[in-house]
Amino acid sequence: MGLVNNLSSGGDKVSNWQELERKYFMNTVERVPVTLVRGEGARVWDENGREYLDFVGGWAVNSLGHCPPVVVEAVGEQAHTLIQTSNQFYTIPQIRLAELLVNNSCLDKVFLCNSGAEANEGAVKLARRYGQRYLNGAYEVITTLGSFHGRTLSMVAATGQVKFQEPYLPLPVGFINVEFNSIGAIRAATTDKTCAVMLEPVQGEGGVNLPEDNYLTAVREWCDQKGILLILDEIQTGLGRMGTLFVYEQYGIEPDVMTLAKGLGSGVPIGAILAKDRASVFVPGEHGSTFGGNPLTCAAAYAALKFILDNDIVGNARKVGQYLIDSLEGLREKSRCITDVRGRGLLVAVEFNSDIAGSLLTGCLDRGLLVNRVKPNALRFIPPLIIGNGEVDKAISILDGAISSIIN
Ligand SMILES: Cc1ncc(COP(=O)(O)O)c(C=O)c1O
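Conventions adopted
- Residues numbered from 1 in each chain as written.
- Predicted model: local features only at pLDDT ≥ 70, side-chain atom pairs only at ≥ 80, totals over all residues.
- Heavy atoms only, no water.
- Pairing = 2+ DSSP bridges.
- Helix = DSSP H or I, 4+ residues; strand = E, 2+ residues; numbered from the N terminus.
- Axes fitted to C-alpha atoms, helices over the stretch in contact; angles between N-to-C directions.
- Parallel < 35°, antiparallel > 145°, perpendicular 65-115°, else oblique.
- Left-handed = near helix turned anticlockwise from the far one by under 90°.
- Contact = heavy atoms within 4.5 Å.
- Nonpolar A, V, L, I, M, F, W, Y, C, P; charged D, E, K, R; others polar.
- Phe/Tyr/Trp six-rings, centres within 6.5 Å; stacked < 30°, edge-to-face > 60°.
- Buried < 20%, exposed > 50% of the residue type's maximum accessible area, 1.4 Å probe, protein only.
- Near = heavy atom within 4 Å.
- Polar contact = N/O pair within 3.5 Å; in protein donor to acceptor, adjacent residues only side chain to side chain.
- Areas by Shrake-Rupley, 256 points an atom, 1.4 Å probe, with all protein chains shown as cover.

Caption draft 1: Local environment of the sheet that holds strand S11 (residues 338–344). Read across the open sheet, the 4 strands follow the order S11-S12-S15-S14; overall the sheet is antiparallel. The open sheet has two edge strands, S11 and strand S14 (372–375), and neither has a second partner. Looking at each pair of strands side by side, their axes are set apart by 25 degrees on average, direction ignored. Note that S11 and strand S12 (residues 347–352) share 6 bridges and pair antiparallel.

Caption draft 2: Structural context of the packing of helix H13 (residues 357–366) against helix H14 (residues 389–407). With their axes 9 Å apart at the nearest point, H13 and H14 run at an angle of 125 degrees to one another. One element, H13, and the other, H14, form an angle in the oblique class. Remark: the crossing between H13 and H14 carries right-handed chirality. Seen from H13, the contacting residues are Ser-359, Leu-360, Gly-363 and Cys-364; seen from H14, they are Ile-398, Leu-399, Ala-402, Ile-403 and Ile-406. Split into classes, the residues belonging to the contact of H13 with H14 amount to 7 nonpolar, 2 polar and no charged.

Caption draft 3: Just the packing of aromatic side chains, in detail. Counted by the stated rule, this structure contains 5 aromatic pairs. Look at Phe-55 and Phe-381: their rings are 6.3 Å apart centre to centre, the planes differ by 85 degrees, and that puts the pair in the edge-to-face class. One end of the pair, Phe-55, is in the loop between strand S3 (51–54) and helix H3 (57–60); the other, Phe-381, is in strand S15 (residues 378–381), and 326 residues separate them in sequence. With relative accessibility at 0%, the residue Phe-55 sits in the buried group.

Caption draft 4: A look at the pairing of strand S9 (residues 257–260). Taking every second residue as pointing to the same face, both faces of S9 are buried, with Val-257 and Thr-259 on one and Met-258 and Leu-260 on the other. Examined bridge by bridge, strand S8 (residues 229–233) and S9 share 3 bridges and lie parallel to one another. Paired with Asp-233 across the two strands is Thr-259, which belongs to S9. Pairing analysis gives 4 bridges linking S9 to strand S10 (residues 271–275), with the strands arranged antiparallel.

Caption draft 5: Seen up close, the site of the ligand. As a structural note, the neighbourhood of the ligand is formed by 13 residues, with Gly-116, Ala-117, Asp-233, Gln-236 and Lys-262 the closest of them. Between the ligand and Gly-116 there is a distance of 2.8 Å, counted from an oxygen atom to a backbone nitrogen or oxygen. Separating a nitrogen atom of the ligand from a side-chain N or O atom of Asp-233 is a distance of 2.7 Å. If the ligand stood free it would expose 390 Å²; the protein chains cover 82% of that surface. Sorting elements by how many residues they give to the shell around the ligand places helix H6 (residues 116–134) first, with 3 residues. Class assignment of the residues belonging to the shell around the ligand gives a composition of 3 nonpolar, 6 polar and 4 charged.

Structure (structure tokens):
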């Protein structure tokens, strides 16, 4: 154990970081009882030197794995050059990143911020400005049940899940949550107050729920017909995770506005709003951020995205993702408790016939694999996009062992 792990900030010897966390940290998350201190590629190590294969990837953030050399190098170099200025001034890393995003998507303009929720907040503000300018002050945004758009108060209202909303009632107005995969529900909820529909093309946090074949096309057509904006939240699905750079490509549609975060910085906190020219309606002073577009995070995100593009990381996610899905299907034939395997690329969920996901998470942890319990009866696999079939084989064998130990 290194010096850092033996000392608290006051210099006292501490034996248990988890006790200190309970003493000093707000109680917002049910943590897995492991203190991670180091990561490399798809592997992490805890304070006792124990190694784990990481199929959580920082909740779909560590696209290039832990401490990817290109990002480490970019951060180091930028940290020695210019870390932060105000957005009153031009800075080069944010312009290079915006250019790379525009050149590789169907969108024209970029706003940079610090997280997914903040990107979605900005996208909704953009839609409201659009409504003020072109739709007689329309301000309502239609979102779907089972979605997840972030933890700020407005994004809790946008997120169609009661468990995230109930503790914070009353919610901000202007969000209508309707059934996912129902164009009829969107049509019925649209009024002259509607300025946008906001969707995750595949619901991640809601349990990896895929859209039905014609759903996204029908939503696109409806938005065109009504002159309202289609905002796609690709915060979890975008940047290669599902086997194409963006999921909208798989459905032959283009959004008016798209939000990104998570994998954008491959571990460095950054978010982005992208918009078509006609939807890019902010004027100076209407939106902003102190840290958004910060040179340090932009240099990291540029390096990460460039690496993804230059090394066909997206193709790897597609191929290895299919191998993961096939392997899980193989396990399903053997283990009757698996009722569904769904997803694409490296965003995959496995559903069980009872609420065993928590016990399986512990079983996998004990055997050296980190997984995410996305629902009481479902595990989600969101590993780095750089893994190969060997890592999949190891994960499947560990999951198999964990299932056998609790089923038998
Ligand atoms: C689809 C989606 N949107 C938004 C968010 C919120 O992102 P952040 O936690 O960076 O605010 C998440 C986070 O899980 C997400 O999955």
